[in-house]
Amino acid sequence: SNILHSAMYEGKSIRRYVEKNYSNDKITALISRYTCNEIFLLINNVVSLEKGIYKYDIRRHSLTLITIGNFAITSNEIAIGQGSLQNCSVVVFITQHYKNYMWRYRTSRALRSLYVETGMLAQRFLVATEANKLKTFLTPAIRDSLANSLLRLNPIMESVSYIIGIGHPKSSNK
């Protein structure tokens, strides 16, 4: 909860501002930092949460269960076998809505900018996770079709850019 809030706080503030001021000033719809990103969580081992896939609602700071199940092995398959995502407590999927962003920024550089902003969001997750004394693993190596299927995404409109595994550090035997 702390990690989601810390990483997404700026996006939450921007979304609130846009919602509050949109009727008076239509240009506020062009404010975009993280508004074209969605966060999905694969829960492997979190107290009080059932194993499964959840979608994070930034406005309500809440999770919506999408699918119940143990997808630990699937997460490692999605990441093309990198890391040990199946051992992570949580696997974060950061997605981006192409159409929403491209509508706002109708230039050839828009897609590049979206990738940069998504990378900045991934960095915020890494910093927030480390601040909570947890460990991370980040990869953009993704089997797109498997990720899209698991998260129920339409790949024409939205796709996963980063996967972040979060877990407790291994205890040392020193």
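Above this text sits the structure in question.
Reading the values: rules and limits
- Residues numbered from 1 in each chain as written.
- Predicted model: local features only at pLDDT ≥ 70, side-chain atom pairs only at ≥ 80, totals over all residues.
- Heavy atoms only, no water.
- Helix = DSSP H or I, 4+ residues; strand = E, 2+ residues; numbered from the N terminus.
- Areas by Shrake-Rupley, 256 points an atom, 1.4 Å probe, with all protein chains shown as cover.
- 1 Å grid on protein atoms, 1.4 Å probe; cavity = no way out; pocket = protein on both sides within 12 Å on 5 of 7 lines; lining within 4 Å.
- Points joined across faces, edges and corners; volume = space filled by probe spheres on them.
- Nonpolar A, V, L, I, M, F, W, Y, C, P; charged D, E, K, R; others polar.
- Core = buried A, V, L, I, M, F, W, Y, C linked by side-chain atoms within 4.5 Å.
- Buried < 20%, exposed > 50% of the residue type's maximum accessible area, 1.4 Å probe, protein only.
- Contact = heavy atoms within 4.5 Å.
- Arc of directions from axis to C-beta.
- Pairing = 2+ DSSP bridges.
- Axes fitted to C-alpha atoms, helices over the stretch in contact; angles between N-to-C directions.

A. Looking closely at the overall build of the chain. Counting its regular elements, the chain contains five helices and six strands. Put simply, the chain shows about 9700 Å² of open surface, and 53% of that area lies on carbon and sulfur atoms.

B. Structural view of the layout of surface pockets. Taken as a whole, the second largest pocket encloses approximately 270 Å³ of empty space. Secondary-structure elements contributing two or more residues to the lining of the second largest pocket are β5 (135-139) and β6 (158-167). Broken down by element, the residue count for the lining of the second largest pocket peaks at three residues, all from β5. Here the lining of the second largest pocket is built from residues that sort into three nonpolar, eight polar and two charged.

C. Representation of the nonpolar core within the structure. In terms of nonpolar packing, the biggest core is built from 17 residues, with Phe93, Leu150, Leu151, Val160 and Ile163 touching the most fellow members. Of all the secondary structure elements, the ones that give two or more residues to this core are β1 (37-43), β4 (90-97), α5 (144-151) and β6. Ranked by residue count, the leading element in this core is α5, at three residues. Residues within four places of Leu150 in sequence aside, it is in contact with Leu42, Ile53, Phe71, Thr74, Ile78 and Phe93. Within the second largest apolar cluster, 16 residues are counted, among which are Leu41, Tyr56, Phe125 and Leu134.

D. Quick look at α5. Those residues of α5 that fall on the buried side of the exposure criterion are Ala147, Asn148, Leu150 and Leu151. Buried residues of α5 fall within an arc of 165° about the axis and therefore sit on the same side. Facing away from the buried side of α5, by more than 90 degrees, are the exposed residues Ser145 and Ser149. In the core, the buried residues of α5 are packed alongside β1, β2 (52-57), α2 (72-78), β4 and β6. Among the residues trailing α5, Arg152 stands out with phi positive, at a value near 60°.

E. Local environment of the pairing of β6. β6 sits mainly inside the fold: 10 of its 10 residues count as buried. Where β4 and β6 come together, eight bridges link them in antiparallel fashion. From the neighbouring strand, Gln96 faces β6, where its bridge partner is Ser159. Two strands pair when backbone bridges link them, and β5 and β6 are joined in this way by five bridges, in the antiparallel orientation. Looking across to β6, one finds that Lys135 is bridged to Gly167.

F. Up close: the sheet that holds β5. Here six strands make up an open sheet; going across it, the order is β3-β2-β1-β4-β6-β5 and the pairing antiparallel. Only two strands of the sheet have a single neighbouring strand rather than two, namely β3 (62-68) and β5. This sheet shows a mean twist of 25° between the axes of neighbouring strands, independent of strand direction. Here four bridges tie β1 to β2, and the two strands are oriented antiparallel to one another. By the bridge assignment, Ile43 is partnered in β2 with Gly52. Lying over the sheet, helix α4 (residues 110-131) contacts β1, β4, β5 and β6, oriented at roughly 160° with respect to β4. Contacting β1, β2, β4 and β6, α5 runs over the sheet at an angle of about 85° to β6.

Note that all results are geometric; they support no functional claim without further evidence.
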